[in-house]
Structures are given as structure tokens and as C-alpha cells.
Amino acid sequence: MPRASTRVTFTVLATGAGVFSMLQSLIAPALPTVQHALHTSQSTATWVMTAYLLSASVFTPILGRVGDLAGKKRTLVAVLLAVLAGCLIAALAPNIGVLIVARVVQGVGGALFPLSFGIIRDEFAPGEVSGSISNLSAVIAAGGGVGMVAAGPIVSALDYRWLFWIPVAIVAATVLIALRYVPESPKRAEGKVSWGGALMLSGWLVALLLPLSQAGQWGWGSAKVLGLFAAAVVLFAVWLTAEARSRNPLIDLRVLRLPAVWTTNAAALLFGAGMYSIWSFLPGFVQTPTAAGYGFGASVTASGLLMLPMLVAMFLSGVLSGRLEPRVGAKALLTTGAAFGALACGFLTLWHDEQWQIAVVAGLFGLGIGLAFASMANLIVGSVPAEQTGAATGMNANIRTIGGSIGAALTSVLVTGRLQPSGLPYGSGYTHGWALLALLCLAAAGAALLVPVRRTPHPATTAPAPAPTRAPAQVR
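Model, not experiment: these values are computed from the prediction. (Residues numbered from 1 in each chain as written. Predicted model: local features only at pLDDT ≥ 70, side-chain atom pairs only at ≥ 80, totals over all residues. Heavy atoms only, no water.)

**Quick notes on the overall build of the chain**
- Per the secondary structure count, the chain includes 19 helices and zero strands.
- Scaling as 2.2 N^0.38, a compact globule of 476 residues should have a C-alpha radius of gyration of about 23 Å, and the chain matches this with 21 Å.
- Taken over the C-alpha atoms alone, the chain extends approximately 65 × 45 × 45 Å along its principal axes.
- Looking at the chain residue by residue over its 476 residues, the buried ones come to 57%.
- The contacts of the chain with a sequence gap of at least 6 include a subset with a gap of at least 24, amounting to 82%.
- Total accessible area on the chain stands at roughly 18000 Å², and carbon and sulfur atoms take up 69% of it.
- Measuring between centres, the 27 positive side-chain charges of the chain sit 4 Å from its 13 negative side-chain charges. (Helix = DSSP H or I, 4+ residues; strand = E, 2+ residues; numbered from the N terminus. Rg over C-alpha atoms; globule rule 2.2 N^0.38 Å. Buried < 20%, exposed > 50% of the residue type's maximum accessible area, 1.4 Å probe, protein only. Contact = heavy atoms within 4.5 Å. Areas by Shrake-Rupley, 256 points an atom, 1.4 Å probe, with all protein chains shown as cover. Lys, Arg positive; Asp, Glu negative; His and termini not counted. Charge placed at Lys NZ, Arg CZ, Asp CG, Glu CD.)

**Let's talk about unusual backbone geometry**
- Not every positive phi belongs to a glycine, and His39 is a case in point at roughly 55 degrees.
- Note that His39 resides in the loop between α2 (31-37) and α3 (42-45).

**Considerations on the packing of helix α5 (residues 72-92) against helix α9 (residues 162-181)**
- Following both chains from N to C, one finds α5 and α9 inclined at 160 degrees, their axes separated by 9 Å at the closest point. Compared by their axis directions, α5 and α9 come out roughly antiparallel. The hand of the α5/α9 crossing is left-handed. Contacts from Lys73, Val77, Leu80, Leu81, Val83, Leu84, Cys87, Leu88, Ala90, Ala91 and Leu92 in α5 reach Phe164, Trp165, Pro167, Val168, Val171, Ala172, Thr174, Val175, Ala178 and Leu179 in α9. (Axes fitted to C-alpha atoms, helices over the stretch in contact; angles between N-to-C directions. Parallel < 35°, antiparallel > 145°, perpendicular 65-115°, else oblique. Left-handed = near helix turned anticlockwise from the far one by under 90°.)

**Focus on the environment of Asp159**
- You can see Asp159 is positioned in the loop between α8 (126-157) and α9.
- Placed 125 residues apart in sequence, Asp159 and Val34 show a C-alpha to C-alpha distance of 9.8 Å.
- In terms of polar contacts, Asp159 uses its side chain to reach the backbone amide nitrogen of Arg161, at 3.0 Å. (Polar contact = N/O pair within 3.5 Å; in protein donor to acceptor, adjacent residues only side chain to side chain.)

**Remarks on helix α11 (residues 223-245)**
- Between the first and last C-alpha of α11 there are 33 Å, a value that for 23 residues agrees with the 33 Å anticipated at 1.5 Å per step.
- Taken together, the buried positions of α11 are Val225, Ala232, Trp239 and Glu243.
- Summarising the contacts, the buried residues of α11 are in contact with α10 (195-218) and α12 (253-256). (Expected span 1.5 Å × (residues − 1).)

**Comments concerning the confidence of the model for the chain**
- Put simply, the chain has an average pLDDT of 85, and 94% of its residues get 70 or more.
- A low-confidence stretch, residues 455-476 stays under pLDDT 50, and its non-local contacts, those more than four residues away or across chains, total 47 contacts. (pLDDT = per-residue confidence, 0-100.)

**Observations concerning the packing of aromatic side chains**
- In this structure the tally under the stated criterion is 15 aromatic pairs.
- Measuring from centroid to centroid gives 4.8 Å for Trp204 and Phe236, while their planes differ by 75 degrees, and the two rings are edge-to-face. Of this pair, Trp204 sits in helix α10 while Phe236 sits in helix α11, placing them 32 residues apart in sequence.
- With relative accessibility at 8%, the residue Trp204 sits in the buried group.
- Members of the aromatic cluster, joined through ring pairs, are Phe285, Tyr294, Phe296, Tyr430 and Trp434.
- The ring of Tyr52 carries Arg103 above its face, with NZ or CZ at 4.0 Å from the centroid. (Phe/Tyr/Trp six-rings, centres within 6.5 Å; stacked < 30°, edge-to-face > 60°. Lys NZ or Arg CZ within 6 Å of the ring centre and 35° of its normal.)

**Description of the pattern of salt bridges**
- All chains considered together, the criterion is met by three salt bridges.
- Across the salt bridge formed by Asp68 and Lys72, the nearest N and O atoms sit 3.9 Å from each other. The burial state of Asp68 is the same as that of Lys72; both residues are buried.
- Salt-bridge contacts for Asp122 lead to Lys72; the nearest nitrogen and oxygen are separated by 2.8 Å. With a gap of 50 residues between them, Asp122 in helix α7 (residues 112-123) and Lys72 in helix α5 connect regions that are remote in the sequence. Neither residue differs from the other here; Asp122 and Lys72 are each classed as buried. (Salt bridge = Lys/Arg side-chain N within 4 Å of Asp/Glu carboxyl O.)

**Regarding a nonpolar patch on the surface**
- On the surface, a cluster of nonpolar side chains totalling about 470 Å² of accessible area is made up of Val8, Leu176, Ile177, Leu179 and Tyr181.
- At four residues, the largest contribution of residues to the nonpolar patch is made by α9.
- With respect to the helices and strands, the residue Leu176 is situated in helix α9. (Patch = residues over 30% accessible without salt bridge, like charges linked within 9 Å, V, L, I, M, F, W, Y side chains within 5 Å.)

**Looking at the nonpolar core**
- In this structure, Phe271, Ile278, Met310, Phe365 and Ile369 are the most contacted members of the largest nonpolar core, which totals 148 residues.
- If sequence neighbours within four positions are ignored, Phe365 has contacts with Phe271, Gly274, Met275, Ile278, Met310, Gly341, Ala344, Cys345 and Cys441. (Core = buried A, V, L, I, M, F, W, Y, C linked by side-chain atoms within 4.5 Å.)

**Looking at the packing of α8 against α9**
- In contact at an axis separation of 9 Å, α8 and α9 are set at 110 degrees when each is read in the N-to-C sense. When the axis of α8 is compared with that of α9, the two are roughly perpendicular. Contact residues: α8 offers Ala151, Ile154 and Val155, while α9 offers Trp162, Leu163 and Ile166.

**A look at empty space enclosed by the protein**
- This model, assessed by the stated rule, comprises two cavities of 30 Å³ or more.
- In this structure, the largest cavity encloses a volume near 110 Å³.
- Along its surface, the largest cavity is lined by Phe113, Phe117, Ser137, Ile140, Phe373, Met376, Ala377, Ile380, Thr393, Asn396, Ala397 and Arg400.
- When residues of the lining of the largest cavity are traced back to their parent elements, those giving at least two are α7, α8, α17 (355-381) and α18 (389-416).
- Considering only residue class, the lining of the largest cavity consists of eight nonpolar, three polar and one charged.
- Approximately 30 Å³ is the volume found for the second largest cavity.
- Around the second largest cavity sit Ile251, Asp252, Val255, Leu256, Gln388, Ala391 and Ala392, which together line it. (1 Å grid on protein atoms, 1.4 Å probe; cavity = no way out; pocket = protein on both sides within 12 Å on 5 of 7 lines; lining within 4 Å. Points joined across faces, edges and corners; volume = space filled by probe spheres on them. Nonpolar A, V, L, I, M, F, W, Y, C, P; charged D, E, K, R; others polar.)

**Let's talk about the state of the cysteines**
- One pass over the full model with this rule turns up zero disulfides.
- With no disulfide partner, Cys345 has as its closest neighbouring cysteine sulfur the one in Cys441, 4.6 Å distant. (Disulfide = S-S within 2.5 Å.)

**Quick look at the environment of Phe124**
- On the secondary structure map, Phe124 appears in the loop between α7 and α8.
- When the C-alpha positions of Phe124 and Gln214 are compared, they lie 42 Å apart, and in sequence the two are 90 residues distant.

What follows is the structure, encoded as C-alpha cells:
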């Protein structure tokens, strides 16, 4: 556990990152309520989620790099203020357009993840870094679970606007405490922000993620989808070329080529595909009326309670991983976490007729998420120079999100590709979807096995030796 002098810092980081993680999933169960209250269409209401996804994907690596250069504390406070403003605007939004804008502003909070990991690496004693990162990862993972579980009761007891009023109060207090107690990190990267690189990164991310999230409505063969995918390929190639030649790259590609980094990112892409798809489709499966031949006709609140084992397991396994990592290594934990995900999806493919089976699956997958989140963060932080921590962990979070978008899109094709006369999916669509997610998680475990047991310093990216009191924990 952190020392007394760093516990307040950890509390601030955990609160900010946990609230952002909660905002990712908190609004999803309430989308039908939002659609009705703001008198809009279902297709328009989905932009409440899409806008948040795109914004977070763009700002997470960019502001992670800004923190490396300009100072992590000041960037953290600015990001918290953006989240606060976004939640306030959302709570007061008179129409769907303003709510979508508010979600774009909230998406800036994605940078809280890399900034928090960087502050822990800079400020905590070497023996505390791994455990603190694991504990923070547990809070981040559990935050998404809290959103799924809490949304129904909050909307039923109060109003959907309280999904934003509650974070307003929490984030406002967090900003004040951060200003007073979080120290400014002494380590700064040299150079300046490559705004051209940031613009190109934003371009290919939006061109990739937008059609993935909207293809179900636009059509996979539509000109918009195909055109955006083509643009994503071109912009990605241009971005890679520009970053490789830049004296001040936004993302140092030499860092991304480190064996421990690219293998961890590959596992993050595949595991993210399974994780976000479970979050997206399992509640819908549980809420499907029994007349469809499957499902339980559960309410939003009841389906959230079935996800409660996932929430508890995510938090406990994330905290436990901090105790296990010095003994078994982050690689073993990442492999085990992905294997738990594959086991859960395989179980779900074969057995999903009883509610207790859903609860078991949720618990197993929660164990996997907690272990994987913590180990991925520790592998990245322990493998890159201190001044690259924000950018590298930001890209890891982004790659996980990209994987989630790909997994959700593929699962959506399987689930909604063939519908019953009632308009509900066939049960076989879900079964095929669960089988696909099991294979993706199994592939993530395979990628994790490729992670080197020990980091070999790369001459192009190895920073000057830090003082002994701030040396990064050795990756195992």
C-alpha cells in the first residue's frame, strides 16, 4: 500500500479515473430513457456513446504526451476540470445536441488513465509502484462495473440527469484536493507537442472508429463506411511515416516496437474486443423477453444486479494482482486474465439458460478483467522510459478501446445479422457471438505468452539512469 504521504495522491487519482471509467458505462443502460426524455430517435441517441468513444480515443494519447512534456499534475487538473464541465453541461442539457457535445467534453477524461500511471511512477517509492498501479487498475476496471450496476437504481429513484449530477459533486471535490495535495512530477520529457502528429492521429482514429460504431446503421457495404476505412488506412500510413521522421514525435514509435510493449498491446487489442463486447451485449441478452426463446426479460436494474459478481471479482482480482505480481510476474497474470475471459465466454456459449449461469460467467470474466488490466499497465510502465509513460500507457488504453470497437462490431454482425419476425435476434446469434469472444480472449492469452519475461533495454529509448529512489520496477 502507498505510504501515508502518497495515500491522498492515490485517492485523488483513483477517484478521477474511477469516475471516468464509470461514465463509460453509466449512460448505456439509460439510453432508452434519454431518447424518450429528449424526444429524439434511437440512431441519434447512440451518438451519446459514439461521441464519448471518439473523444476519449483522440484525447487519451495526446494529453498523455502533453502531461509528459508540460507536467502531469497541471494536465491532470485541467482534464478533471474538463470532466467536471462535461458532466455539468450534460446534467443541464436541454436537448440531445447539447448532451452529445457534453459527452465529447467528458471524453477528455480518458487522459486520466495515462496521467495517473505516470504520477504513480514518478512519485511513489519503487516498492509501491507495482501494487499501486494494480490497485488503480482495479478501481478503473470496477468503475465500469459500477456504471452497469448503478444506472438502473439511479434512474428509477431519481432521474437520468443524476447520472451526471453525482459525478459533478465527486469531481469538483477531487479537483480541490488535487490542487492542494498532488505534487507536480519532477520528470519532464524534452521537446514539444507535435500538433501535426496529434491531428493525423486524431484523423485515423476517427476514420477507423466511426464506421465501426455506425456500420450497423449505415451498412457495412455503404460508401461512407468503405470510404472511412480507406481514409483510416491512408491516414495511418501517413501518420507512421511522419512520426518516424519527426524530431519531436507525438508517439515515439521506437517505444512501441519494444518487445514487451508491442506484445502487451497485441494482447490488449484482443482482450479489449472480448471485454467491451461482453459489457455491451450480455445485459441486452439478459433483458430479452423470454418469448424470444432465450433471455430472462430482466429490467435494467435486475440485469445490473446480475453483473454484480463481475464488479466484485474485477476489484478483488485487481487488488490481488498487486500482491501476486512480484511473485509470479505480470506476464503470468496477463495470460491468466485472458484465459479466464476465454473460459467465461466458452461457458456462456454452452450454458446460458439459467440466471446463475450468467452470474458465474460475470464473475469469471470479472476475474480476468481485474488481472489483465493491472498486468497490462505494469508491463507498459515497467518497459518504457519515465518520460514516455503517459504516451505509452495512453496508446495501450487506446488500443484496448480499438479492440473493443472491433469486437463489438463483429459481435453485432453475428447477433443482429438475422432477426426473428418480432425484430429480436435469434438465440443462435448470441451463441455464435459468445464463441467468437472466447476465441478472441484465447488469442489474447496467446499474445500474452509472447511477452518477454524480462525487459531488455533498447538503446534508442533507454533514458538516463534515474536516481535509485525513483527507479522503475523491473518487469517480470
